[in-house]
Amino acid sequence: MTPNLLRVSHSPNFNDTSVTSKEAFSEQAAGGIDEVTRVVPLTSPEHTSLYRLPPELLANIFLEYMQQYRFSSYARRVPPWVNVSYICRYWRSVALNCANLWTRLFFLPSEWMDELLRRSKTAPLVVRINFYGWESDLGPIHHSLEKALGHMERIQDLWIDCDSSKDILNVIHARLTAAAPLLRSLHLSTYRDGENHFIICNDMLPGAGLRRLHLHLCHVDWSSPIFNGLTELSLSYIVNNATECWDGLLLVLGQLPLLRQLCVDNVLSADITFEDSFINTRNRAMVSLCQLEKLTLTDPIPWVMTLLARLEFPGSTIV
């Protein structure tokens, strides 16, 4: 579509606007997004406000547009905001030079992944992938995931839900031994309780400074440095035996003074009686979580009460 087919309807006037901060810039862009994206045919677009918008402001509008879409809704198809690069030459130039517009990777044939990685330049990446529904044809997603995880040094947010396929898990495990200095959020989950699981080990993600960690149906080495420095921790259906989970959880929590949110879901009572869990636990020290804001425990009441008896947290904590 060429520039002489478009114009802005009721476009905002930015000529007399002074933007003095990043916050004001974002607010101004968010306010103008609906106006700027309404287009109708026009023969002389170069005279409209649309084509007088500075590229920095237009790029910020594109980013605000991108933020409106939930990640799960486009992970396996071309997301709507990609269309801004097809409106006209000016919009395309701005879009292709806005690296942050291409950092939320979606999983289509690997040629798309090559293009996304190229357009995102060196910007931090967000990688979220759910293998559910792909079991019959893992080829395309497999190759795309390998390419994405080949840039672990750039990934800031990594979310993987997969089945217990040994081949896929091996590929992911191999990539997770690479350094990930920018990684702040990690979600690993297998949605089938089979023989194979994610294994959280000591050599995983060296140098990562994680703040948020969610593990579901994983086998955990509780001494792994991956837990260091967390502010949010969610554990569900950990496949270690329950005695290990009691000792390991208390060990980890004792090293997380900055923890603000904790969720423990069916971790403590999986394969052990209440008496055994209480008597055999080696770690009997109290654990202080002085920054805790929210605590969610999903286990039978005796196990929950026993864990609560080991924890100290503010009275303002939501339980």
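What you see is a predicted model; the values in this text were computed from it and never measured.

Student: When you look at the nonpolar core in this model, what are you seeing that I'm missing?
Tutor: Within soluble globular proteins, side chains that are nonpolar tend to cluster in buried spots. Counting 82 residues, the largest nonpolar core has Leu101, Leu158, Leu215, Phe227, Leu233 and Leu253 as the members making the most contacts within it. It is helix 2 (residues 55–67) that provides the largest number of residues to this core, a total of 8 residues. Residues lining this core come from more than one domain, with at least three contributed by each of domain 1 (51–101) and domain 2 (108–228). Residues within four places of Leu158 in sequence aside, it is in contact with Val127, Leu149, Met152, Leu176, Leu183, Ser185, Leu186 and His187.

Student: What am I meant to see in helix 3 (residues 89–96) here?
Tutor: One full turn of an α-helix is made of 3.6 residues, so residues set three or four places apart face in the same direction. Three or more residues of helix 3 are buried, namely Trp91, Val94 and Ala95. Down the axis of helix 3, the sector holding all buried residues measures 100°, keeping them to one side.

Student: Looking at this structure, how should I read the sheet that holds strand 6 (residues 212–216)?
Tutor: By way of backbone hydrogen bonds, the strands of a sheet pair with one another, either parallel or antiparallel. Reading across the sheet, the 8 strands line up as 1-2-3-4-6-8-9-11 and stay open at both edges, with parallel pairing between neighbours. Edge strands, defined here as strands with exactly one partner in the open sheet, are strand 1 (104–105) and strand 11 (294–298). By the bridge criterion, 5 bridges tie strand 8 (residues 232–236) to strand 9 (residues 261–265) in an arrangement that is parallel. The residue of strand 9 that forms the bridge with Leu233 is Leu262.

Student: Got a minute to help me understand the side chain of His173 in this structure?
Tutor: You can see His173 is positioned in helix 6 (residues 166–175). A relative accessible area of 19% means that His173 is categorised as buried. Polar contacts involving the side chain of His173 include one to the main-chain amide nitrogen of Ile199, which spans 2.9 Å. Look past the residues within four positions of His173 in its chain and what remains in contact with it is His197, Phe198, Ile199 and Met204.

Student: Would you take a moment to explain unusual backbone geometry for this structure?
Tutor: What you tend to see is this: most non-glycine residues have negative phi, and most peptide bonds are trans. The phi angle at Leu217 is positive, at roughly 50°, despite the residue not being glycine. Secondary-structure assignment places Leu217 in the loop between strand 6 and strand 7 (218–220). At Asn266, a position not held by glycine, the phi torsion is positive, near 50°. Inspection of the secondary structure puts Asn266 in the loop between strand 9 and helix 8 (274–280).

Student: I tried to follow the packing of helix 7 (residues 242–253) against helix 9 (residues 301–310) on my own but got confused; where do I start?
Tutor: The angle between the axes and the distance between the axes are what describe a pair of packed helices. Relative orientation of the contacting elements helix 7 and helix 9 amounts to 30°, with a least axis distance of 12 Å. On the basis of the axis angle, helix 7 is roughly parallel to helix 9. The two elements helix 7 and helix 9 meet at a crossing, and its hand is right-handed. Residue-level contacts link Trp246, Leu249 and Leu250 of helix 7 to Trp303, Thr306, Leu307 and Arg310 of helix 9.

Student: Is there a simple way to explain the packing of helix 2 against helix 3 in this structure?
Tutor: One can describe the packing of helix 2 onto helix 3 by two numbers: an axis separation of 9 Å at closest approach and a directional angle of 75°. Taken together, the axis directions place helix 2 and helix 3 in an arrangement best described as roughly perpendicular. On helix 3, the residues that touch Pro55, Leu58, Ala59 and Phe62 of helix 2 are Tyr90, Trp91, Val94 and Ala95. Of the residues that constitute the contact of helix 2 with helix 3, the class distribution is 8 nonpolar, no polar and no charged.

Student: Help me understand the environment of Leu251 in this model?
Tutor: Inspection of the secondary structure puts Leu251 in helix 7. A relative accessible area of 36% means that Leu251 is categorised as partly exposed.

Student: Explain the pattern of salt bridges here, please?
Tutor: Think of it this way: side chains of opposite charge can pair up when their charged atoms draw near. All told, the structure shown has 5 salt bridges when counted by the stated rule. Two residues, Arg119 and Glu115, come together in a salt bridge whose shortest N-O distance is 2.8 Å. With Arg119 and Glu115 both in helix 4 (residues 110–119) and 4 residues apart, the pair spans about one turn of that helix. Taking the relative accessible area as the measure of exposure, Arg119 reaches 8% and is therefore buried. Here Arg128 ties to Asp157 by a salt bridge, and the two come within 2.8 Å at their closest N and O atoms. Of this pair, Arg128 sits in strand 2 (residues 125–130) while Asp157 sits in strand 3 (residues 155–162); the two residues are 29 residues apart in sequence, bridging distant segments of the chain. Residue class for Arg128 comes out partly exposed when judged on its relative accessible area of 26%. By relative accessible area, which is 10% here, Asp157 ends up buried.

Conventions used here
Residues numbered from 1 in each chain as written. Predicted model: local features only at pLDDT ≥ 70, side-chain atom pairs only at ≥ 80, totals over all residues. Heavy atoms only, no water. Core = buried A, V, L, I, M, F, W, Y, C linked by side-chain atoms within 4.5 Å. Buried < 20%, exposed > 50% of the residue type's maximum accessible area, 1.4 Å probe, protein only. Helix = DSSP H or I, 4+ residues; strand = E, 2+ residues; numbered from the N terminus. Domains from an automatic or database assignment. Contact = heavy atoms within 4.5 Å. Arc of directions from axis to C-beta. Pairing = 2+ DSSP bridges. Polar contact = N/O pair within 3.5 Å; in protein donor to acceptor, adjacent residues only side chain to side chain. Axes fitted to C-alpha atoms, helices over the stretch in contact; angles between N-to-C directions. Parallel < 35°, antiparallel > 145°, perpendicular 65-115°, else oblique. Left-handed = near helix turned anticlockwise from the far one by under 90°. Nonpolar A, V, L, I, M, F, W, Y, C, P; charged D, E, K, R; others polar. Salt bridge = Lys/Arg side-chain N within 4 Å of Asp/Glu carboxyl O.

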